[in-house]
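Close look at the chain arrangement
Below, each chain spelled out in residue letters.
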Amino acid sequence: MTSPTSPHQLFTIAVFTENHVGMISQISAIFTRRCINVDTLLGSPSSIPGIHKFTITCHSDRRSMEKVVKQIEKGVDVIRAFLFTDADILYQEVALYKVPTQPLLSQNRMETIIRRHNARILSINPEYTVLEKTGHEYETEALFDELKEYDIRQFVRSGRIAVTRSPIEFVDRFLAEEQLRRSNL
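Residues numbered from 1 in each chain as written. Predicted model: local features only at pLDDT ≥ 70, side-chain atom pairs only at ≥ 80, totals over all residues. Heavy atoms only, no water.

**Some thoughts on the nonpolar core**
- Formed by 18 residues in total, the largest nonpolar core has its most connected members in Ile 13, Val 15, Ile 27, Phe 31, Met 65, Val 68 and Ile 72.
- Of all the elements in the fold, those that place two or more residues in this core are β1 (9-18), α1 (23-33), β3 (51-60), α2 (62-73) and β4 (78-84).
- Setting aside chain neighbours within four positions, we find Ile 13 in contact with Phe 31, Phe 54, Thr 55, Ile 56, Met 65, Val 68, Val 69, Ile 72, Phe 82 and Leu 83. (Core = buried A, V, L, I, M, F, W, Y, C linked by side-chain atoms within 4.5 Å. Buried < 20%, exposed > 50% of the residue type's maximum accessible area, 1.4 Å probe, protein only. Helix = DSSP H or I, 4+ residues; strand = E, 2+ residues; numbered from the N terminus. Contact = heavy atoms within 4.5 Å.)

Have a look at this one:
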């Protein structure tokens, strides 16, 4: 977390691209050149056929992030990039935890922890149990902290997945405006 007096805050960037080899490398190079560390990066298909969406989070100041977005948009295969704060989006992460099965079967406390955190059991076998928790980073970390005493064997957390609070997808509006502009030429 950044301090309240710090000019740095968490930003989320949504980058819409054609699905070509090397896009992650091109995008990450922009952050590297500006000495900005990427916290999470997730790529997935978007709601538009043939278009991929990268969701990137990092801590920085608004001015630097606006420059990063402009630089990203200069990429040949980039359709559009958008900068968001947490107030602009709805977001979640998914975390998986692999823990020994025996404490789950022999102690009510572990079951209570799972229920309190609204986690769910994905897989259970005699050796280990895999739990899933969906939520914000602080929620997945809170469950991790409570499960530490049970010898977590593996832990992984996804990057942020996010949608805007806007009723429309900004890239759809951009593509419609581009289509209109081209038809008027």
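After that view, the rundown keeps rolling.
**Thoughts on a positive patch on the surface**
- Among the surface-exposed residues, Arg 33, Arg 34, Arg 63, Lys 67, Lys 70 and Lys 74 lie close enough to one another that they form a single positively charged patch.
- If you tally residues by element for the positive patch, the top one is α2, at three residues.
- Relative to the assigned elements, Arg 33 resides in helix α1. (Patch = residues over 30% accessible without salt bridge, like charges linked within 9 Å, V, L, I, M, F, W, Y side chains within 5 Å. Areas by Shrake-Rupley, 256 points an atom, 1.4 Å probe, with all protein chains shown as cover. Salt bridge = Lys/Arg side-chain N within 4 Å of Asp/Glu carboxyl O. Lys, Arg positive; Asp, Glu negative; His and termini not counted. Charge placed at Lys NZ, Arg CZ, Asp CG, Glu CD.)

**Regarding the environment of Leu 122**
- In this fold, Leu 122 is placed in strand β6 (residues 120-124).
- When the C-alpha positions of Leu 122 and Ser 60 are compared, they lie 36 Å apart, and in sequence the two are 62 residues distant.
- For Leu 122, the residues in contact, after removing those within four places along its chain, are Leu 96, Val 130 and Glu 132.

**Brief notes about the pattern of salt bridges**
- What the rule picks out here adds up to eleven salt bridges.
- The partner of Glu 146 in a salt bridge is Arg 116, and the shortest N-O contact between them spans 2.3 Å. A residue pair is termed long-range when its members are at least 10 positions apart, and Glu 146 in helix α5 (residues 137-147) and Arg 116 in helix α4 (residues 108-116) qualify at 30 residues.
- Among the ionic contacts, a cluster of salt bridges with common partners joins Glu 93, Glu 137, Glu 141 and Arg 157.

**Let's talk about the packing of α1 against α2**
- Running from N to C, α1 and α2 cross one another at 145 degrees; their axes reach a closest spacing of 10 Å. Crossing handedness for the pair α1 and α2: right-handed. The residues of α2 that touch α1, namely those facing Ile 27, Ile 30, Phe 31 and Arg 33, are Met 65, Val 68, Gln 71 and Ile 72.
- A class-by-class count of the residues in the contact of α1 with α2 yields six nonpolar, one polar and one charged. (Axes fitted to C-alpha atoms, helices over the stretch in contact; angles between N-to-C directions. Left-handed = near helix turned anticlockwise from the far one by under 90°. Nonpolar A, V, L, I, M, F, W, Y, C, P; charged D, E, K, R; others polar.)

**Remarks on α1**
- Turning to α1, its buried residues are Met 23, Ile 27, Ile 30 and Phe 31. Axial view of α1: buried residues confined to an arc of 95 degrees, hence all on one face. Exposed residues pointing more than 90 degrees away from the buried face of α1 are listed as Thr 32 and Arg 33.
- As for α1, its buried residues are in contact with β1, β2 (38-45), β3, α2 and β4. (Arc of directions from axis to C-beta.)

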